[in-house]
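Next come the chains, spelled out residue by residue.
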Amino acid sequence: MMEKTEPTMPATEEKPRIGVFICHCGINIGGIVKVPEVVKYAQTLPDVVYAEDNIYTCSAEGIASIKEAIKEKNLNRVIVASCTPRTHEPLFRNACQDAGLNPYLFTFANIREHCSWVHMHEPEKATEKAKDIVRMATARASFLNPQEEAEVQVDPSALVIGGGISGITAANCLANQGFKVFLVEKEKELGGMLRNIYKLYPTDEEVSRILESMINSVKSHKNIEILTSAIVKNVEGYIGNFVVTTIKEGKEEENKFKVGTIIVATGAIEFEPIDKYGYGKYDHILTQVQFERILQGGKQAFDKFVKPKTVAMIQCVGAREEKAPRAYCSRICCMVAVKNAMQIKEWYPDANVYIIYQDLQTYGKDYEEHHRKARDAGIKFINYTKERPVEVTLGTGKKLNLKVYHALLGEETQLDCDLVILSTPLVQHQEGKDLSKILKVPIGPDEFFLEAHVKLRPVDFATDGIYVCGTAHGPKDVGESIAQAYAVSSRAAGPMANRKVRTEAITAFVNRDLCVGCRMCEKLCPFGAHKVEEGKSTVIEAVCKGCGVCAGACLRRAITMRHFTDDQILAEIKTAFLSGSGGVGGL
Amino acid sequence: MPEQFEPKILGFLCNWCSYAGADLAGVSRIQYPTNIRIIRTMCSGRVDPTHVLEAFKSGVDGVLVTGCHIGDCHYITGNLACQKRVEFLKKVLEEIGMDPRRLRLEWVSASEGGKFARIVKEMIEEVRKLGPSPLRKEVVGVEASV
Amino acid sequence: MSKAGLVIGGGIAGVQAALDLADQGFTVYLVEKNPSIGGRMAQLDKTFPTLDCAACIMTPKMVDAGRHKNIKLLTFSEVKGISRKGKNFLVRILKKPRYVDETKCTGCGACAQLCPVEVPNDFDERMGVRNAIYVPFPQAVPLIYTVDKENCLECDLCKNVCGVNAVDYEQQSQEIEIEVGAIIVTTGFNLFDSRKKEEYGYGVYDNVITGLALERLLSASGPTGGHVVRPSDGKIPKKVAFIQCVGSRDEKSGNTYCSRVCCMYATKEAELVKEHVPGVDVKIYYMDIRAFGKGFEEFYQRAKEEFKINYVKGRVAEIIEDPNTKDLIIRAENIELGEPIEDRVDMVILSSGLVPAATNDLEKILPIKIGEDGFFVTANPKVDPVTTSVEGVFIAGVAEGPKDIPDAVTQASAAAMKASIFLKE
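Residues numbered from 1 in each chain as written. Chains lettered and ligands numbered in written order. Predicted model: local features only at pLDDT ≥ 70, side-chain atom pairs only at ≥ 80, totals over all residues. Heavy atoms only, no water.

Caption draft 1: Quick peek at helix α9 (residues 405-424) of chain C. In this model α9 of chain C runs 28 Å from its N-terminal to its C-terminal C-alpha over 20 residues, within 8% of the 28 Å that 1.5 Å per residue would give. With 19 of 20 residues buried, α9 of chain C lies mostly within the body of the structure. (Helix = DSSP H or I, 4+ residues; strand = E, 2+ residues; numbered from the N terminus. Expected span 1.5 Å × (residues − 1). Buried < 20%, exposed > 50% of the residue type's maximum accessible area, 1.4 Å probe, protein only.)

Caption draft 2: Molecular detail of the environment of Ile 37 of chain C. Residue and element names in this part refer to chain C. The residue Ile 37 is located in the loop between β2 (27-32) and β3 (46-47) in this model. Accessibility expressed as a relative area gives 0% for Ile 37, which makes it buried. Beyond its immediate sequence surroundings of up to four residues, Ile 37 is in contact with Gly 10, Val 15, Leu 30, Glu 32, Met 62, Ala 65, Leu 73, Thr 75, Phe 137 and Val 141. (Contact = heavy atoms within 4.5 Å.)

Caption draft 3: Just the packing of helix α5 (residues 123-142) of chain A against helix α16 (residues 566-574) of chain A, in detail. All names here are of chain A. α16 packs onto α5 with a crossing angle of 155 degrees between their chain directions and a minimal axis gap of 8 Å. Classified by the angle between their axes, α5 and α16 sit roughly antiparallel to one another. Crossing handedness for the pair α5 and α16: right-handed. Of the residues in α16, those touching α5 at Met 136, Ala 139 and Arg 140 are Gln 568, Ala 571 and Glu 572. Broken down by class, the residue content of the contact of α5 with α16 amounts to 3 nonpolar, 1 polar and 2 charged. (Axes fitted to C-alpha atoms, helices over the stretch in contact; angles between N-to-C directions. Parallel < 35°, antiparallel > 145°, perpendicular 65-115°, else oblique. Left-handed = near helix turned anticlockwise from the far one by under 90°. Nonpolar A, V, L, I, M, F, W, Y, C, P; charged D, E, K, R; others polar.)

Caption draft 4: Region of the structure containing the sheet that holds strand β12 (residues 174-180) of chain C. Residue and element names in this part refer to chain C. Spatially, the 3 strands line up as an open sheet ordered β6-β7-β12, and their pairing is antiparallel. For this open sheet the edge positions go to β6 (77-85) and β12, each flanked by a neighbour on one side alone. Going across the sheet, the axis of each strand differs from the next one's by a mean of 20 degrees, ignoring polarity. Strand direction decides the pairing type here: β6 and strand β7 (residues 88-95), joined by 8 bridges, are antiparallel. Residue pairing in the sheet places Ser 77 in a bridge with Lys 95 of β7. (Pairing = 2+ DSSP bridges.)

Caption draft 5: Inspection of the state of the cysteines at higher detail. Evaluated as defined, the whole model comprises 0 disulfides over all chains. No disulfide involves Cys 173 of chain A; its nearest neighbouring cysteine sulfur is the one of Cys 469 of chain A, lying 9.9 Å away. A relative accessible area of 4% means that Cys 173 of chain A is categorised as buried. Cys 68 of chain B supplies the cysteine sulfur nearest to Cys 14 of chain B, a cysteine that is in no disulfide, at a spacing of 3.7 Å. By relative accessible area, Cys 14 of chain B is classed as buried at 2%. (Disulfide = S-S within 2.5 Å.)

See below:
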């Protein structure tokens, strides 16, 4: 399982031997802070056995000097007082490691960004403050422990939940990379939503062709094991080591297997606009997906259904509402409407086709083009507003009468339609909501799965090793879903290709003697790193990110953070000001 | 001529946002007085109530806790936990006879160098008006032990 | 086949693609023509719809890319030639001279402090200044100074103050040749040159600026420290107007496509202006509001309801400047009411569209198919959104077409995936 040395809490037995390296940084620090004075001061501090100054500690000479001092003076703690750890900590940690010293026995004192640069006109006070900062660092250093970044083995196998276009694409990608893939699909057949769709925009390709070949490649791939009519019942474990239990529809038999990563590709369903615009009440009012199914039968099937003279499509039905969950725009409906409107015009060039829209989402470089083609083909666009929705009533014959307030012309129009198509949003389904609880991954206010970071981690979950793609993440079209499926394969391939991941060295540590199992840590942890079993909390180190929220909350003081222990923080607090001098020293 | 009271302010800065904000103040050479000492934690959620109380016990006049803006926390919800804790701590301070204004919580992002400097200046002045911490008298003259 | 990859362009898409490939064990050369990676995202103040600080979320990725053991960063460099060598590509890269020794410079900045020259800087869209020896922004990766020889006086002040003798006026450009198995193009975009819309007065009227320039004014680390003020007189504006679709969906300007992000970035900037300037009146003149992405519609509704931003459906015919006050008068038609509008404002922000970056003859070096709009074309926008007409070459980000950050990052990971499969064959 995990290779890690047990941390020694409290501090190691051997006496600290601290080396302090104070940087001039050219004139950046040296021009204001009296560095030689700070060096002299450092030499008087407890446990400091060596102190020197450098013009540039981060230069090749400075680094060499640190390594030399570690060896010659037998240092077991190193402090560099210079700029900010945010840029230079890794550099100095590596230097220590090269010289045989555990990199976590190194600590930083920021006397540039937090001192010389912000107190440029008060050199004496800045010097005294620099002394305080160095002293805080030495106090902290005395309590530092060596740490190891453990490695967690990662099984080179993935679970893909959902056999629609996204799931199939991801499964293919990963299998092509040599990873074993378990593809679990709740229906009897693979294909998901695309089984209902006729053609894709803007290329006008027939779905059946593309889907056939992709399903065949998945079925014939030796690395992919397909489980249809199956759902995921339970998932335990963490990245690299998930234990998955699936169950077949209506049967008792369970299937248990281990995977390294999990990809959620469970798709979405179309919202059914019950009681909106006469849906369910009158004939010949359909949703776009229902319309697609008719299109799939070809022109003959369509002729049997209706020979349209006037068709109207109403956009944003049940979407862009005031309140969650359907406050969002479903992204694809405008293009779907344009595509299907063009299809009607192709088969019935004399038909009047209206698209009644609020804002036309024909975005980007190709779709705007398509919009213009649609206008050129004679499709009419009527702009309506939320405040004055379309009224649908039963007209004469089998027709439907639409009253539309044309917002751009400022007048009301009436349409007598043979066919009304309602563009409704994609929504999350119950299985998706159930899955979010099983995997302990969040769904957002729109009920779609919520990624780790909307901008920079669009297909990751906060929980390591679990990813999401396709419409499970939110409404999107086929091209966008496929791009996400590729992306997800790339993200999952990283840990699996390396067969391991490094875990954070800065992790939580629970003193089991003090823990009473109150579960506060389990509740607070955003990553699921605490598990309370048998009345005690255990830390799943592989998942712990080192934030310390648990440590700050534990009422029994049973939790501390490696490399940011209470002792270390308290040492810094107590030595922050030269209280020994009785005055306000340093100020 | 009475010497002006110089308040001692201890700051807890989270690694991802506020420490970077303070760094940016430095990079931009925005000046502020020397009264503050900074302790870095990975997340503002690490800050334990006992740390804050210990700080006041050590004779500090004011404690500044900073973290990422709500919604931006690198660890997603750490700053929310911090916010609750500080609210609770302010009540505790009141109970023990300390002005709750001696504890201040601010959200500072990595690009808000100016804001960091402004907060430090403001806090120094505010705490200066409040005077030395009532706990100070007990620790003056005692050497800080490590 | 070589197990190395090349990523051309170090913006967010390039950085993501490089990181993904490098994490999978491949060596990646990341080439960037500017002195630092970061691209356009580094210039943004906040990103929609979450209003995250752009620099805060981007710099950790940039630092990761700079430190990754498998990534070789080649900044201030350009690809000059690509040829085939068996299954591989032989790439000639020109490393432009920085006149600063990369191995010595510690990024301490003492040089810039003393440099007497100040010129308008591109990073702040020329609204701020930099020295002749500079880093484009404080979080630059790599944090190494560059000398702008054109404006440098060769006064030696920087040379003399540099503690490690890193300044070298004699530095020559370097030609490097690398062999790679796959290439990912992530060359990003420029803004539409709004001077082409003469009727809007960009480049002539002081107080007509682009959305990207506004980002720099909004940024706390920008040229005005985050204060939104008019370029002409530094006054705080009381009325601000945004104009959408400048250089997009516009036959006359030659760009008929929709730039996809402007509705959202204008909404974001409008909210930020409202936050920075209490009481300011903000209008957005638009054709359609495209808020189709995750969280976008909710963001747009908030802008209308909470922030009271006024969305006016109308085409702006022209903008006239009042020569005395430098105020601007917008002449438009309110399409919903069918009435003409004359609106006097203090500042106009043009939501300029995205055009493909001038890729310095990349098209001639790499014969990837380009569309009429200038963006690179993929083999099939539906089922193969990252593969190009050249085997082994993939594209991602705005190089393929306007898109927002999540879509660019997703596409970059997708390109890395395809490149990785290709490299393993």
